[in-house]
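The lines below spell out each chain.
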Amino acid sequence: MFRLYDTDGNGILDSTELDCIVNQMMNVAEYLGWDVTELRPILMDMMVEIDYDADGTVSLEEWKRGGMTTIPLLVLLGLDTNVIKDDGNHVWRLKHFNKPAYCNLCLNMLVGFGKQGLTCTFCKYTVHERCVQRAPASCIGTYVKSKKTSQSMNHHWIEGNCPGKCDKCKKSIKSYNGVTGLHCCWCQITLHNKCASHVKPECTFGDIRDHILPPTTICPAVLERQPTVVNKRQLNRTDSAMLEGSGLQFQITPNPGTHPLLVFINPKSGGKQGTRILRKFQYLLNPRQVFNLAKTGGPMTGFQFYKDVPVFRVLCAGGDGTIGWVLETMDKMNFQQSGQEAQVAILPLGTGNDLSRCLRWGGGYEGENLIKFLQKIERATPVQLDRWNIEFSTNEREDEEKGDPIPSNIFNNYFSIGVDASIAHRFHMMREKHPEKFSSRMKNKLWYFEFGTSETFSATCKNLHDKIDIMCDGVSLDLASGPSLECIAILNIPSIYGGSNLWGDNPGGRKRSKSSKSQKKREKERDFSSNSMSSSDFNFTIQEIGDKQIEVVGLENAFHAAQVRTGLRASGRRLAQCSSVTIRTRQRFPMQIDGEPWMQPPCTVRFSPRVYVSLYDVEFFIVIKDSKYSETL
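Because the structure is predicted, anything quoted here is derived from the model rather than measured.

> I'd like to hear about the overall build of the protein, residue by residue, with values.
Along its length, the protein carries 18 helices and 31 strands. Every one of the 633 residues in the protein was classed for burial, and the buried ones make up 50%. Intrachain contacts of the protein at a sequence separation of at least 6 include 72% that bridge at least 24 residues. Counting every atom, the protein has about 30000 Å² of accessible surface; 51% of that belongs to carbon and sulfur.

Now the structure itself:
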């Protein structure tokens, strides 16, 4: 492209050649229908900016550098079609129809076994395979080309294949008789053809209007300077690669009083429900609001897309690891400095879903109506959740085998070392080797059961308490008194292993047994839970998710964890409740952070308070706040 505009072939672009480029950009902008009233002086300034040595000419190196930092450059030269890619075109997928369905083009019924036809993911326009080439490009638009476009939108009707009742007359729509009935892709109302004339043409976006980004609020950011060059220095290479994505090519101006939803979906979580959930949200919302984490490389692309939105919500559809990934990316975005407020809701798709259980989202998505789910998000009230930094320091020796990469330096749910991490590590290795064996949440739990049973007999972490030292708030714990331990867990929430509460419920409100036998048993458990740092009775210490404290619990073996899960035992061995923890290991052990396991050589692990997050009850969100604590011990 550089040589195309270098008409004299001297390896530089002079002022005449730069004027030709500006004229080409103007022609492309007019063709795209953009507002070009004040475009020319901005384009001239852009050409001056890529002349980095200010010699009046642009070399090939300056051209390449300018193309990397000046996003609208390739767009206006007609080389980058990502802005207008697929907008208005259908996104087809093969589908099996359980009920009679009709082709929107030839009006004939779709017949056959298996997948009878094609349907558009975004608008549900349905055709035979033989008709797909003649289908009109009548899909929904996801953005407008100019800010001057009218802010009101009409319904986007799709005719036929909409069984149910008419939202106007409340009578059934006999969709099995042919292509009849109308359904709006935005507000989700369904009408008889004859009833449509009694409904206003303007679309109100229905019951979930607070979550939707209408196409009229999104336009190409051609006339805007992109403030991304400075931010790149604060991000690692993987994150900054996402900055050239489609998110930076648009400017969002949300409707007043709305809280647009940003959806992140991890299709690999748990039972792999993510692909189906992805299609559902792409249909209910603007498709540009929905991001597949497996394809975008992480949440950074989505957050950059929402860089102009002052207040918005984030829906994280995945497991605990996915939630941690999103929260860590939010830390990098530094919303407090930019004045943005991002709130996070959870749609549990993982196997354990401990944070979701703690926040009463449930143990997993069971096919709930997503419109009702989105309405629940609007009725949330806040609670606070602590977060914690983890610092690892190792004494590397030449004869010491190196460990695996540490998955994170932050934990939101729990950290553990020992038998449970060993089970999780074996599960993780097997899933990486044979992903086809982990296609459902039930299969995952059966694998956990198998690995847990074998670990009970092999006891690979036997006498763990003799090989580690623990200090809580500067006081050493006495691990020698009481039964031997194979696991140490650091808890931030009252849920682990898919719903187990290792700290146990607070028995303060229960009636105390008057039998001497029960009294002796409680005193014995109290002795095992006590340590030299405090004389407090941990049997009556309450665990809270926002009390700026973490709980230290020990497990005797894998069977002990199973007993707590089934209710045969009330809790693990309570060791401490504190605001800082230091653990020193003297040999190689499996560890895990929020369900992400790895093998760790001898090291020192330090836990300290980090930023906290505010979550909304009954169905929760998360709002990043500034830290009131120091980052290190």
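> Tell me what's going on with unusual backbone geometry, and back it up with residues and numbers.
Negative phi is the rule for most residues except glycine; trans is the rule for most peptide bonds. In the Ramachandran plot, N353 falls in the positive-phi region, its phi being about 50 degrees despite a non-glycine side chain. Within the element layout of this structure, N353 appears in the loop between β16 (341–348) and α13 (354–358). Within the chain, K548 stands out as a residue other than glycine whose phi angle is a positive 60 degrees. Tracing the backbone through its elements, the reader meets K548 in the loop between α17 (516–529) and β24 (550–555).

> Could you give an account of the confidence of the model for the protein, naming the residues involved and the relevant values?
When the pLDDT values of the protein are averaged, the result is 79; 80% of them are 70 or greater. Taken as a whole, residues 223–248 scores under 50 in pLDDT and shows 43 contacts with residues more than four places along the chain or in a different chain. Here residues 508–536 is a poorly scored stretch, pLDDT under 50, and it has 33 contacts once near neighbours within four places are set aside; other chains count.

> Go over the sheet that holds β24, please, and point to the residues and values.
A sheet is described by the order of its strands in space; here six strands give the open sequence β25-β24-β23-β20-β27-β28, paired in antiparallel fashion. Two strands in the sheet have a free side with no partner beyond their single neighbour: β25 (573–578) and β28 (596–600). Each strand axis lies, on average, 15 degrees off the axis of its neighbour in the sheet, ignoring direction. As judged from the three bridges shared by strand β20 (residues 414–418) and strand β27 (residues 589–593), these two strands associate in the antiparallel manner. If you follow F415 over to β27, its bridge partner there is I593.

> Please set out the state of the cysteines residue by residue, giving values where relevant.
Tallied over the full model, the rule gives zero disulfides. Take C103: it sits in no disulfide, and the sulfur closest to it among the cysteines is that of C106, at 3.7 Å. Its relative accessible area of 0% is what places C103 among the buried residues. Its sulfur unpaired, C187 is 3.5 Å from the next cysteine sulfur, which belongs to C184. On the basis of relative accessible area, C187 is assigned to the buried category, the value being 8%.

Reading guide: rules and limits
- Residues numbered from 1 in each chain as written.
- Predicted model: local features only at pLDDT ≥ 70, side-chain atom pairs only at ≥ 80, totals over all residues.
- Heavy atoms only, no water.
- Helix = DSSP H or I, 4+ residues; strand = E, 2+ residues; numbered from the N terminus.
- Buried < 20%, exposed > 50% of the residue type's maximum accessible area, 1.4 Å probe, protein only.
- Contact = heavy atoms within 4.5 Å.
- Areas by Shrake-Rupley, 256 points an atom, 1.4 Å probe, with all protein chains shown as cover.
- pLDDT = per-residue confidence, 0-100.
- Pairing = 2+ DSSP bridges.
- Axes fitted to C-alpha atoms, helices over the stretch in contact; angles between N-to-C directions.
- Disulfide = S-S within 2.5 Å.

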